[in-house]
Amino acid sequence: MDQTISTRELRLGMFVVDIDRPWTETPFMMQGLLLENVEQLRALQHYCRSVTIDRSRSVGDQYSAKFIDKDDPRRGADGALRQHPDIIESRIEAQRFLKVAREFKGRIHTTRLPHVPRVRSEEGRSRIDSELLYCAPIVDDVYRALREARLAIDDDAAIDVARLDGLVGEMAAGVQRNPDALLWLTRLKRTDQYAYDHAVNVSVHGMVFARFVGLSANQVRQLGLAGLLQDIGKVQIDYEVLSKPGPLDEREFEHVKAHVSNTLKLLQAHEGFDAEVLGIIAAHHERFDGTGYPRGLAGMKIPLAAEMAGIVDTYCAMTRERVYREAVSSQRAMETLNQLRNTLFRETLIDQFLQCIGLYPIGTLVELNSGEVGVVIQQNQVRRLQPRVLVLLAPDKSVERFPRTLDLLMQPETADGAPYRIVQALPLNAYGIDPNDFFLA
């Protein structure tokens, strides 16, 4: 959809397909330009009075944004916009995300949408709100299947492994389309039952990690299934030991370590169960320096996927509260993992995981250089320090009545004209905000 506009209306993220003079008379030697920085924008404003943009090839907030025609009531008598379309679009996006997220809070979804979300070629992923709506019933089914598996074990009956495998395959497809949406669902669907939450959390994070490092679709699914099932043997561990508030003694620790063999026995009872998944489960507590269990494997003897599962399991455990320990922030968990490089885990995998999850993971509270406070709702696949942020608090830390999103990659400007940037990640409950609940109320 082509649209001719004044260069005064240019914004970062727009794709310019034509200009009002020959391209050879400008610093841009090739026709067609995606505006990625302020220097490009100012150069076009210097050389041209009008340009033609293509919304379908623009990115971020500029993609397929509805432009305001000259007769639109949002224009004043002088023809000027009363509210810039960038702001309108960012608020529409914010309200769309909030509406979907609020709908999920504390609700069980059984109705599945008939159409798989479309992967948008310009972004390489599906729209986050569409993916949330599509995958929410799948995640709810996973929780139900885990509870049924627990009951089956208690009744000494067979676990429905085929159903769990199928559900993991559906989640894996969602991770391929939009990993951020599945990470959000692990937060929005969180319950007060650690075992189920941890299983889903590890499964999704494991698949996101596997996708990031370029493993095949089948390997992504295998890591997801291993994450979902790796702790089911804990149902045979004494609850008093698992919930003990203090450190375990040697006998208790040996009892807990038995959950690995318990899990393997339960799954090996199913003829034809994926041997690769069993291998991941068997070694997800092994450590690079040989201090892990049950076999004390070290270095490259630990399968790649098993070591990845161990990293994910450690990260997810740290970022969730337990009866004997409070949760730590994602940033603190990342710092701890960074200190474990080439001891518990190999350096290259730690580096890859840090890049995968990012310094500001999904759901992180951040303070911006404008003084505003927001929550990270989507990662930027190219530049992890410039995610998409939903603004929650105004510069004076009052509640933002009209939330909007900011795509920091597009370098939106503050009221002072400086590009927005993140100043710092904030601790949990900063300014009284719980990012899991505050904006969903």
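See the structure shown above.
Quick look at the structure, then. Being a predicted model, the structure only gives us computed values, none of them experimental.

Quick word on the overall build of the protein chain
In terms of regular secondary structure, the protein chain is built from 14 helices and nine strands. Of all 441 residues assigned to the protein chain, the portion counted as buried reaches 53%. Taking the contacts inside the protein chain whose residues are at least 6 apart along the sequence as the reference set, 64% of them involve residues at least 24 apart. Carbon and sulfur atoms make up 51% of the accessible area of the protein chain, which amounts to about 20900 Å² in all.

Here we look at unusual backbone geometry
Put simply, Tyr 293 and Pro 294 share a cis peptide bond, and its omega is 10°. Tracing the backbone through its elements, the reader meets Pro 294 in the loop between helix H11 (275-283) and helix H12 (304-318). Positive phi, close to 60°, is recorded for Asn 342, a residue that is not glycine. Residue placement: Asn 342 occurs in the loop between helix H13 (330-339) and helix H14 (347-357). Residue classification places Asn 342 among the partly exposed residues on the basis of a relative accessible area of 43%. At Gln 411, a position not held by glycine, the phi torsion is positive, near 50°.

Quick look at the sheet that holds strand S2 (residues 15-19)
Pairing is antiparallel across the open sheet formed by four strands, whose spatial order is S1-S4-S2-S3. A single partner strand is all that each edge strand has here, and the edge strands are strand S1 (2-6) and strand S3 (33-34). With five bridges connecting them, S1 and strand S4 (residues 50-54) associate as antiparallel partners. The residue of S4 that forms the bridge with Gln 3 is Ile 53.

Quick word on the layout of surface pockets
In this structure, the largest pocket spans a volume of roughly 820 Å³. In terms of lining residues, the largest pocket is bounded by 27 residues, among which Arg 150, Tyr 194, Ala 195, Tyr 196 and Leu 242 are the most central. Of all the elements in the fold, those that place two or more residues in the lining of the largest pocket are helix H3 (128-154), helix H6 (194-212), helix H7 (217-229) and helix H8 (239-242). If you tally residues by element for the lining of the largest pocket, the top one is H6, at five residues.

Digging into empty space enclosed by the protein
Considering all chains together, one arrives at two cavities of 30 Å³ or more under this definition. Volume-wise, the largest cavity comes out at about 60 Å³. Lining of the largest cavity is provided by Thr 186, Arg 190, Tyr 194, Asp 197, His 198, Asn 201, Cys 316 and Arg 320. Among the elements that take part in the lining of the largest cavity, H6 stands out by supplying four residues, more than any other. For the lining of the largest cavity, a count of residues per class yields two nonpolar, three polar and three charged.

Reading the values: rules and limits
- Residues numbered from 1 in each chain as written.
- Predicted model: local features only at pLDDT ≥ 70, side-chain atom pairs only at ≥ 80, totals over all residues.
- Heavy atoms only, no water.
- Helix = DSSP H or I, 4+ residues; strand = E, 2+ residues; numbered from the N terminus.
- Buried < 20%, exposed > 50% of the residue type's maximum accessible area, 1.4 Å probe, protein only.
- Contact = heavy atoms within 4.5 Å.
- Areas by Shrake-Rupley, 256 points an atom, 1.4 Å probe, with all protein chains shown as cover.
- Pairing = 2+ DSSP bridges.
- 1 Å grid on protein atoms, 1.4 Å probe; cavity = no way out; pocket = protein on both sides within 12 Å on 5 of 7 lines; lining within 4 Å.
- Points joined across faces, edges and corners; volume = space filled by probe spheres on them.
- Nonpolar A, V, L, I, M, F, W, Y, C, P; charged D, E, K, R; others polar.

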